[in-house]
Every structure is written in C-alpha cells, then in structure tokens.
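Letter by letter, the chains look like this.
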Amino acid sequence: MNYPRRAWYVASWSQDLEPGKPAAVSILDESIVLWRAEDRIVAFADRCVHRLAPLSLGRCEGSRLRCGYHGILYDMEGRVVQIPGQPEVPPGARVQRYAVVEKHSWIWVWMGDLSLADETLIPPAVGFDDPDWILGRGYLDYAAEARLIHDNLLDFSHLSYVHADSFGAGPSFAEERPRLTALPRGVRFERWITGTRGPPARKSDDLVDGWSTYDFLLPGVLLMWSGSFPAGTAKSCDFEKPDHDRAIGGVTFTSQAVTPTGARAARYFFSWGPHRDHGDAALRDVLMGIAAKAFNEDKTIIEAQQRILDLTPDPRIMPTVHDRGVTLFSNLAARLVREESAAGEPFLHRGVLS
Amino acid sequence: MNYPRRAWYVASWSQDLEPGKPAAVSILDESIVLWRAEDRIVAFADRCVHRLAPLSLGRCEGSRLRCGYHGILYDMEGRVVQIPGQPEVPPGARVQRYAVVEKHSWIWVWMGDLSLADETLIPPAVGFDDPDWILGRGYLDYAAEARLIHDNLLDFSHLSYVHADSFGAGPSFAEERPRLTALPRGVRFERWITGTRGPPARKSDDLVDGWSTYDFLLPGVLLMWSGSFPAGTAKSCDFEKPDHDRAIGGVTFTSQAVTPTGARAARYFFSWGPHRDHGDAALRDVLMGIAAKAFNEDKTIIEAQQRILDLTPDPRIMPTVHDRGVTLFSNLAARLVREESAAGEPFLHRGVLS
Amino acid sequence: MNYPRRAWYVASWSQDLEPGKPAAVSILDESIVLWRAEDRIVAFADRCVHRLAPLSLGRCEGSRLRCGYHGILYDMEGRVVQIPGQPEVPPGARVQRYAVVEKHSWIWVWMGDLSLADETLIPPAVGFDDPDWILGRGYLDYAAEARLIHDNLLDFSHLSYVHADSFGAGPSFAEERPRLTALPRGVRFERWITGTRGPPARKSDDLVDGWSTYDFLLPGVLLMWSGSFPAGTAKSCDFEKPDHDRAIGGVTFTSQAVTPTGARAARYFFSWGPHRDHGDAALRDVLMGIAAKAFNEDKTIIEAQQRILDLTPDPRIMPTVHDRGVTLFSNLAARLVREESAAGEPFLHRGVLS
C-alpha cells in the first residue's frame, strides 16, 4: 500500500467514541483500539501481549485498560502493570502505542514513528465545535482501496456523469478545468462557475457566480468551501479567489477524510452543512440527503472499478487532462513513502513487545 | 482453464439484453459488456481505458457507449471518440472488442482472435424465432467449474440416480449405453428405450419406443431431440435413427449451453419445450417445472463435487464404461486448446490498449 | 496443523446420525461420510472413487452405501461392489475407510493408520447411557482453529473475566492456580475453592468448599467433575482429592470435545448436567442455559483472537503463570505429531484408491 505512515489518519468521529467503551478501528490494515482515559484518548495495537486477544473487548478502569480474556492490565503508555495471579510483570512488557489527537471532531492517529508525531500536520478541518457552521456527518465503508477514492475526489469531472442527478452538476465540471495549485502536503482546487442558478435543489432566483475551493491534503483529507457571489464577481476578481465574506448565498463547508482500513477497504468520513448566516438545520438535512445519494453513487462505481482492477492482470490507465490533480497528489504520496522508507519507517506491523 | 478460446460462448439470452441498457457478463473470467447499438450487438472488455471503471455502468448513446465515470465515449469498434474537456484523443485509444453474434435467441461471443471469428461454428440451437417449437427458458449460476457440468451432460447414466424422481428416469440409463459418434466439434449420443410408457409425468397409454439423440458441441452446447414411436420401431429401424416425422408423441427439443464464467463458476442456459404438433404452452410449463427440479438436482451434486475436489490434493478419478463421451469430448477440447496455444492464442487477458 | 492423527476425534453426537441417512462431517480438513450399516457405524472418505462426488449425498442400502451420482455401490469395507452398466469392477477399487467407534453417545473417528486404531485410547466421557447423570448437550461451530479453544480450556483464569456474569466465577480463578498433574495423554486440573456459596445462580445457604477436577485429554477432550463439600473438607483432606461420594451438593459432570474441522474451523461438542442425587431435568436446563451464554462468551473472544492472529505477521505471545497447562498439553501434542511423522503417518489426505 502506497500510503505514508508519517501522517494523521482519521480513525473515528469524536462522537462515536464513548467514555468507558474501547473501540476497534483499522488503519493501514493494523488493528487499533481507541479508548478514553480520564483526561485523554489513547490508541494501542488491538492485541494483548499475552495471547493476542483484542483489547477492544476489554474494559476501561479509569486511566487503565484491562484485557477481557485473562485480565492483563495496561497503563496509558501501554505498559503491562498487572498480571492477575502473577506477582511479577516481565520488564519491557508493553503493547504498541500510537500517537492520537482529538481535534475538529475527529480522532486522528499518527501511523509513523511515535517520536515524530507532529500535531501541526493535522489538516484544518471544520468540527462540530466551530460555531460558524451547522454540520451533519456520517461515514461509509468501502470495499475498495482508499487510493481509488482519492482519485475520485481529485477529479471532479466525474460530477457531470456520476452526480448529474444528485448534486445536479452540469456539464461544466467535465468541460472546464479548475485551477490547481500544488501545496506542501496536498493540492488546491479553485473553480468559478459563472452565470448559474446553482444546482436544482438549491436554485437561486437570480443568476450568480459560483465559487468553490478545496484542498486535498495528506493522507487523504478534503476541505471545501463553496458559495455564491453576485453575477460578475468572477470577472471583477479576474477569476481569482473572492472575498468569502461577500458571498450572497449557498455558503457551505464540507470536511471529508478517506482512511485506508485494509488493502481493499477504506472508511470514508464526511460532514457538510451551511454557514449559519446562509442556512439552518433544515438546509443541513437537505444537504445530507443529497450527500447520502451522491456518495452512494461514488461507492457504486468505485467498488465496481475495484472489482475490474482485481480481475485485470497488469492494469494500465490512460490519463486525461483531468488527471493532473490525481498525478500531483499520488506523486506527492509516493515521494513521502520513499522518504519514510529511506528513513527506516517500517512498512510492516510492529512487534507486540518493545 | 482448459477451455478453447476459438469458440462461440453463450453470453446471454437475447431477451435479457434490453436496448439502451449495457449488461455485464463474464466469460472465461473476463468481464465483458454487451450493448445494443442501433443495428447490432456490440461486446467490449468491460473496463474503460481511462481508469478501468466498468463500461456496463455507462449509457448507450445511439451507436456509441459512454463511460459513466468521467464520460469517455466509444464507437462500435471500441475506439475512443471523445474525452470530455480534452480536445485531442490519443491515437490508438480503444477498448478490446469481441466478435459477437445474436442467433437462435442467444448472444454468442467469440473469445479467440477477432479475425478468426467464424459464424459457421455457431451450434445449430433452436431459438424462440423457430415456429416449430413452443419453448421455455432459464439459466442457473453454478459455483462450480463448467467442466463438471460438461461431464454431467456427457454421461446420462446419472439420470437413474440423480433424476429418478424429477425426470422419472428408470434404470436403463445406467444399465445400457447410448450409441456414441465422434463429431468434428463434439460427440453425438443416440438411444432407444423400447417398450416404455415414458416418464411418469407424461405417460402414454400404449407401450412405445422412445428415441432421443443429442449432440454435445464445443465449447459446451447440448442440442437434444426426443420423441416416441410406435412399439417395434426401434427394431424395424435396426436401432438406427428413425424418421423424426413419424414420431407419435413426446416430441421435444432442448438447447443447453454451459458458459465458464470464472475458474470455479459457470452459467448454465437452457430451453425446453414440445413441438407444436405434440404439445402446447401448458405442456411447456409442465416441462419447465420438471426441468427446474431436475437441474437443481444436478446443481446440488455438482457443486458438492466441486467442494470435494477443492479439498482433495491430487484428485484422481476411476473412469467407468459410461465415461467414454466425457473422454472423447475432453480430449477434443484439450487438443483444440493445445492447437490454439501453439498458434499463439493468448490464454491471458488482453491489454486494454491496442 | 499440529494435531495428532493417532487419536480419536469426536465426529458427531450419536443422536445426530440417523439410520439410513449418511452424514457429512469434517475432521482435520478431511471430508468424511458417516453412515449406519445394519450393525455398526461406518466412516469413509466422503468422495466417490469414480468422479469424487460426495458419498454423503448417496443412500444406504442395508449394509452398503450407494453414490447418488452414478450409482457406484460400496460395502462396509469401502470396496466397490457394483458399477451400474459395467460387468467388471476394477480390482482394488475402494474408498478410504476410517476406524470409527460409537461410545459415550459420541461417534469417534481415528484419523491415523487404520491398523493402529486402539479403542482403549477413547477418553472416558459420560454419555447419555450412563444412568447416574441427567445431561443436556449441544455443539458450536467456531471460525477459529481448535488450538485456541484448547488454550481456553487449559487455563481457567479466564473465568474471572470472560464468565464473571454467566458462570458467576469470582476472582479466585485468576488469582489462584489449580494443581496440575501431567497424564500420559493429557493434563489433570484440581482446584478447591473454600468458604464459598457457589455461583449466584446456584447459591447454597451455607458456606461450602467447592472441588472440581478435570482431565484435558488428547486430542482435545475435557471431562470435568464438580461438587460441594462441607466447609472445612478441603483442609481436612489436606487440599487433596476428596471422596466424591461425600459431596453434599452441586455435583455435575461435563464432557466437552474440540474437533478441528479445518485449518481455521472447529466444532465444539459439550454436555453438562447434575448427578441424579443432586438435581433433576429442571436443573439440567438451568445449567444448559448458563452454558449457552458462557460458551458464546468464549466463542466471541476466541474468534476475535483468531482474526487478530491472522492479521499479525510473526505473532508472539507472552506466557504467564497460568499458561502451564497450555504448555504441557501443547508440548505433548507436538511430541506425538513428531513421533507419528517419524513413524510415517502421512500428514496429507490419503489417495482415493488403495
């Protein structure tokens, strides 16, 4: 799998990790248990050092986690601190710990060397703690590799075909190309659609200029702002970025994250909703209904694409002009993987004993 | 898989391919899309040359097929004729095309070198366009390799055990052997059963001589004529083929085709029904009810046989006298495969770009 | 798989093998058909020598078994005695036969060299023919290797964590260790729990001393006697085995057998119930309800453990003091497998023709 380890992967929505209940997640085919200790979230390899039972079937005891099979007890650092019936704990007995941060309503896990975990690399998603946005959320499990979802999100020309009904995307997504800018850890997309009334479900009375911009960031996070401006704004801005505060409608934000859970499996997290100056909970619910339809359209074609790929020896592609974002991002990811590999990052499961 | 490529495989019932709706099928583990252009049926590899999305999720546009992911457009030859948003199409961009013919209510696909496709090799099945026969039809998907279904159809001694209830086959199928004749592309079976009243569901009042004959033809097509004659006919014919026009009852025809869809998967197509001088739609429905029961009896034992084979290292068989047809046909198929291989027929998926 | 072949594996409850109906079972990944001939039970490899159809789809004809596909007939020794339509049977045509014994309400199959089958090695389970015990029975199919169930049954410290609710096991199972004794073909466990009222569902009014002892025997059979004695008995016995006839309550017996059906699959057979002097059918039903809950608790954690193991390259364990029984038994099994291998026992499927 060509995914960097020195990156923050979304493991869960914050809201889905209840206090006192360990949760099993999978990232890069590694089984991980998340649990809330008294003042923080902790992530371990989800296998007890004793006989490899999953710790996610255990129980939280304050700031400790106890295996549910034979009662081995761990502290927040992953150290074994008690073996029932055995006075001595072998020195060095510990389970692998991962760096983990709760931010923007997501629980992020760093899959690389623990000592290099760098919180400044967490993408600036919009969480439910942000008072400006009225968001809904969800996730979908894919029977497809994360990379294929990346490719989808890095080329919106598919909107004209896959989402003509759901998002009501017209032909311009396929006919015109957005402006692309390489970022240190991703790619920025910017697009004006001039003289539009917007998608059918949210038509405006007057013609407007629609602007949208998204960053697609390592390891697979999309952050998109959209809004409408008075007709003529695009031209008056010289088709550059407008002042977002001057939007007159349709202002929404969506955070999306693609987490490779296995070699042929991914979890796709998403939120979407209006700015509170441009909508309310009812609009959010309308948007989430549209998203539910559209994201299932993606899932249908991407899982089918995966099945074809799996049946194709030596698969080759024919890139088009719309693939530039895909190419930029995949080259960036591949470079990081090479650098990490050269720096000794192990592209394997780490042992259960340190 | 020991199946020849230079042969016509049944891909679908004609009736199941609707105009305007591409359909996905699988033959020899290759994913194929069938679609109706304005005046013909077209078959392509079911993967877009762009990013390998299945074209069967696309849409027909007259005599062109458009991929449903990013809108790549193909003509009937498989050539890319439009890439939305990109003025130029790379020369040579095309998807693999298969020779395809609609005949006898079946859609036949030639899996070998396109330039060698020879329509005269299509077996003379009886279709719904033939006014002489009143047919029903269906298909069953097997979790077993096609070869095991061939073996079943090439040795009717199993009728006495597997189908004693459904077809009401008596012991003579196991006790006596049909006359076998090697054909250039198959094996002919001929059998008299003298002094019978026929199967329980279709008993005749008088004793009759039953005659049936079928050809089992490459790549796996069974075509069978059955009928009853006055007692004594067998003897008066010297147990040779009678004049079919002199049959007095029970005249039916069945076309059956076994298509290897994958290494351990097959689709079994079948029709059956009376000659219009010897029955009607009501009898056809009775026959189809019997067939539904009988063909599920085959499926039960063949899928179980496959599971045993998969669990058996170095499986060996013990042929009996009834296996002569199996041996003739499998030797014929193996010889063709060797010849094709020597002639350079690729026993692999072909590339997506010519 | 590290399981000895020269051992008796439980293939079925006696009650589950009906006269006249062959039954398919799997032991060590070998497909076996069991059937009742007139005066005995017979076990064959479940594949006809002709074309490997499973004989379990055939029919019993007195003391013979007929394949349901083409009618090949076998005697009780596995010899082919009839091939319909063929006068001669090839000499030596026979299907592999297994030694099989019905005893203690279980059908035991010897997986090693037939000539070495030794009935004295059948573990002394308690069957439904024993008038002293009022038993219930059942089985569970595991998606896990048998070895993990062995490990579970060889270390009851898990009772304090996995079965705290179901069996109402207190902390002493994890805090204290039973006495272990190596047996020629297994391990004996003995444990006093003093000054207890027993588990919540079956509390006694007075404090008692609880005694339980079980043998865990090759190839994976647990036989356990439990009972309560007057407080002080443990001490007066010097914590040795008490006189079972002096038990005052809670006397139960359970026979359990773990059969490896495949590489990652096992069937777990169990009975449990009170001695007739200490309970009745109603108590048996209470116990079976508790067992159903408890054995599913085991299944949940063991199948999860298997999934983790399968995802872990180079899995390593950290043994604890409670693992001594696991180690003794697995060393014993490994030694037997080595000896059998040196003696030429084939750790492969045997051929279908002798």
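Residues numbered from 1 in each chain as written. Chains lettered and ligands numbered in written order. Predicted model: local features only at pLDDT ≥ 70, side-chain atom pairs only at ≥ 80, totals over all residues. Heavy atoms only, no water.

**Things to note about the interface of chain B and chain A**
Logical step 1: In this complex, chain B contributes 27 residues to the contact, which on the side of chain A involves 31 residues.
Logical step 2: The contact between chain B and chain A buries some 2600 Å² in all, and 63% of this surface belongs to carbon and sulfur atoms.
Logical step 3: Of all residues in chain B, Arg51, Leu52 and Tyr69 of chain B give up the largest surface area on contact with chain A, accounting jointly for 30% of the area buried on that side.
Logical step 4: Summed over the shared surface of chain B and chain A, the result is 2 salt bridges.
Logical step 5: Here Asp151 of chain A makes a salt bridge to Arg51 of chain B, at a shortest N to O gap of 3.5 Å.
Logical step 6: At the boundary of chain B with chain A, the tally comes to 10 residue pairs in polar contact (both at pLDDT 80 or more).
Logical step 7: For the side of chain B that touches chain A, the per-class residue count stands at 12 nonpolar, 9 polar and 6 charged. (Contact = heavy atoms within 4.5 Å. Buried area = accessible area lost by both parts, 1.4 Å probe. Salt bridge = Lys/Arg side-chain N within 4 Å of Asp/Glu carboxyl O. Polar contact = N/O pair within 3.5 Å; in protein donor to acceptor, adjacent residues only side chain to side chain. Nonpolar A, V, L, I, M, F, W, Y, C, P; charged D, E, K, R; others polar.)

**With respect to the relation of the copies chain C and chain A**
Logical step 1: For the pair chain C and chain A, the superposition axis carries a translation of 0.0 Å, the fit reaches an RMSD of 0.1 Å, and the rotation angle comes to 120°. In the structure described here, the two chain copies are related by an operation that fits a three-fold rotation axis. (Least-squares fit on C-alpha atoms with pLDDT ≥ 70 in both.)

**Section: the interface of chain C and chain A**
Logical step 1: If you look at the interface, chain C gives 31 residues, while chain A gives 27 residues.
Logical step 2: At the boundary of chain C with chain A, total buried surface from both sides reaches about 2600 Å², with 63% on carbon and sulfur atoms.
Logical step 3: Remark: the boundary between chain C and chain A carries 2 salt bridges.
Logical step 4: Here Asp323 of chain C ties to Arg51 of chain A by a salt bridge, and the two come within 2.9 Å at their closest N and O atoms.
Logical step 5: Where chain C touches chain A, the interface holds 10 residue pairs in polar contact (both at pLDDT 80 or more).
Logical step 6: Looking at the side of chain C that touches chain A, the elements that each hand over two or more residues are α1 (146–153), α2 (159–162), α3 (172–175) and α5 (281–311) of chain C.
Logical step 7: At 8 residues, the largest contribution of residues to the side of chain C that touches chain A is made by α5 of chain C.
Logical step 8: Classifying every residue of the side of chain C that touches chain A by side-chain character gives 17 nonpolar, 8 polar and 6 charged. (Helix = DSSP H or I, 4+ residues; strand = E, 2+ residues; numbered from the N terminus.)

**Digging into unusual backbone geometry**
Logical step 1: The amide bond that connects Leu218 of chain A to the next residue, Pro219 of chain A, takes the cis arrangement and shows omega of 0°.
Logical step 2: Summarising the element assignment, Pro219 of chain A is placed in the loop between β14 (208–217) and β15 (221–230).
Logical step 3: Backbone geometry places His104 of chain C, a non-glycine residue, at a positive phi of 55°.
Logical step 4: One non-glycine residue, Asp238 of chain C, lies in positive phi territory at about 60°.
Logical step 5: Residue position: Asp238 of chain C is located in the loop between α4 (233–236) and β16 (249–262).

**Topic: the packing of α1 of chain C against α5 of chain C**
All names here are of chain C.
Logical step 1: Between α1 and α5, whose axes approach to 10 Å, the crossing angle comes to 130°. With respect to α5, the axis of α1 lies oblique. Here α1 runs over α5; the crossing is right-handed. For the pair formed by α1 and α5, the contact residues are Arg147, Leu148, Ile149 and Asn152 on the first element and Asp298, Ile302, Gln305, Gln306 and Leu309 on the second.
Logical step 2: Per-class residue counts for the contact of α1 with α5 are 4 nonpolar, 3 polar and 2 charged. (Axes fitted to C-alpha atoms, helices over the stretch in contact; angles between N-to-C directions. Parallel < 35°, antiparallel > 145°, perpendicular 65-115°, else oblique. Left-handed = near helix turned anticlockwise from the far one by under 90°.)

**Focus on the sheet that holds strand β8 (residues 80–82) of chain C**
All names here are of chain C.
Logical step 1: The antiparallel open sheet is built from 4 strands, whose spatial order is β5-β6-β7-β8. Each edge of the open sheet is held by one strand with a lone partner, namely β5 (59–61) and β8.
Logical step 2: Two elements, strand β6 (residues 64–66) and strand β7 (residues 73–74), share 2 bridges in a ladder whose sense is antiparallel. Directly across from Arg66, in β7, lies its bridge partner Leu73. (Pairing = 2+ DSSP bridges.)

**Remarks on the pattern of salt bridges**
All names here are of chain A.
Logical step 1: Here the structure, examined in full by the defined rule, presents 63 salt bridges over all chains.
Logical step 2: The salt bridge involving Arg267 is made with Asp141; its shortest N-O contact spans 2.7 Å. In this pair, Arg267 sits in strand β17 (residues 265–274) while Asp141 sits in strand β11 (residues 136–142), placing the two residues 126 residues apart along the sequence.
Logical step 3: Residue classification places Arg267 among the partly exposed residues on the basis of a relative accessible area of 23%.
Logical step 4: Put simply, Arg179 and Glu240 hold a salt bridge, and the shortest N to O gap is 3.3 Å. With a gap of 61 residues between them, Arg179 in strand β12 (residues 179–183) and Glu240 in the loop between α4 (233–236) and β16 (249–262) connect regions that are remote in the sequence.
Logical step 5: Residue classification places Glu240 among the partly exposed residues on the basis of a relative accessible area of 39%. (Buried < 20%, exposed > 50% of the residue type's maximum accessible area, 1.4 Å probe, protein only.)

**Digging into the sheet that holds strand β8 (residues 80–82) of chain A**
Logical step 1: Within the open sheet, the 4 strands sit side by side as β5-β6-β7-β8 (chain A). Their pairing is antiparallel. Of all strands in the sheet, those with a lone pairing partner are β5 (59–61) and β8 of chain A, marking the two edges.

**Details of the environment of Leu309 of chain C**
Logical step 1: By the element assignment, Leu309 of chain C lies in helix α5.
Logical step 2: Taking the C-alpha atoms as reference, Leu309 of chain C lies 52 Å from Gln86 of chain C; in sequence the two are 223 residues apart.
Logical step 3: Look past the residues within four positions of Leu309 of chain C in its chain and what remains in contact with it is Leu52 of chain A together with Arg147, Leu148 and Pro315 of chain C.

**A look at the pairing of strand β1 (residues 8–13) of chain A**
Residues and elements named next belong to chain A.
Logical step 1: Taken across its 6 residues, β1 has 6 buried, putting it largely inside the fold.
Logical step 2: Where β1 lies against strand β10 (residues 106–110), 5 bridges are found, and the strand directions are antiparallel. The residue bridging Tyr9 from the neighbouring strand is Val109, located in β10.

**Some details on the side chain of Arg191 of chain C**
Residue and element names in this part refer to chain C.
Logical step 1: Mapping Arg191 onto the fold places it in strand β13 (residues 186–196).
Logical step 2: Glu176 provides the closest opposite charge to the buried, salt-bridge-free Arg191, at an N-O distance of 5.7 Å.
Logical step 3: Polar contacts involving the side chain of Arg191 include one to the main-chain carbonyl oxygen of Glu176, which spans 3.4 Å.
Logical step 4: When near neighbours in sequence (up to four residues on either side) are disregarded, Arg191 contacts Phe156, Ser172, Phe173, Glu176, Pro178, Gly210, Trp211 and Ser212. (Lys, Arg positive; Asp, Glu negative; His and termini not counted.)

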